Amino acid sequence: MDSKLTQQRRGQQVDPGLLAATQRLTPEQRLDAFLTHSRLMMELYQAGQQARETVRPKLA
């Protein structure tokens, strides 16, 4: 494996097994994983917005 792939990125160690599993995905599986990730990130963002609004309501 390339040494750059096993170096730390943003304070986290890259898991070679996870990297290999990702490379085995078909293009359709990669797209599905990306869409699922995007949907979950949007749900997390919206939950954070709602939590902030309950703590500090918007001024009209």
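Residues numbered from 1 in each chain as written. Predicted model: local features only at pLDDT ≥ 70, side-chain atom pairs only at ≥ 80, totals over all residues. Heavy atoms only, no water.

Could you give me a rundown of a nonpolar patch on the surface, with the residues and numbers involved?
Side chains of Leu-31, Phe-34 and Leu-35 sit close together on the surface and give an oily, nonpolar patch of about 320 Å² of accessible area. Checked against the element boundaries, Leu-31 lands in helix H3 (residues 27-55). Overall, the relative accessible area of 48% leaves Leu-31 in the partly exposed class. (Patch = residues over 30% accessible without salt bridge, like charges linked within 9 Å, V, L, I, M, F, W, Y side chains within 5 Å. Areas by Shrake-Rupley, 256 points an atom, 1.4 Å probe, with all protein chains shown as cover. Salt bridge = Lys/Arg side-chain N within 4 Å of Asp/Glu carboxyl O. Helix = DSSP H or I, 4+ residues; strand = E, 2+ residues; numbered from the N terminus. Buried < 20%, exposed > 50% of the residue type's maximum accessible area, 1.4 Å probe, protein only.)

So what's going on with the pattern of salt bridges? Residues and values would help.
Side chains that carry opposite charge are capable of pairing whenever their charged atoms lie near each other. Under the defined criterion, the tally for this structure stands at one salt bridge. Arg-39 is the salt-bridge partner of Glu-43, the closest N and O atoms lying 3.0 Å from each other. Of this pair, Glu-43 and Arg-39 both sit in helix H3, four residues apart, which is roughly one turn of that helix. For Arg-39, a relative accessible area of 44% puts it in the partly exposed group.

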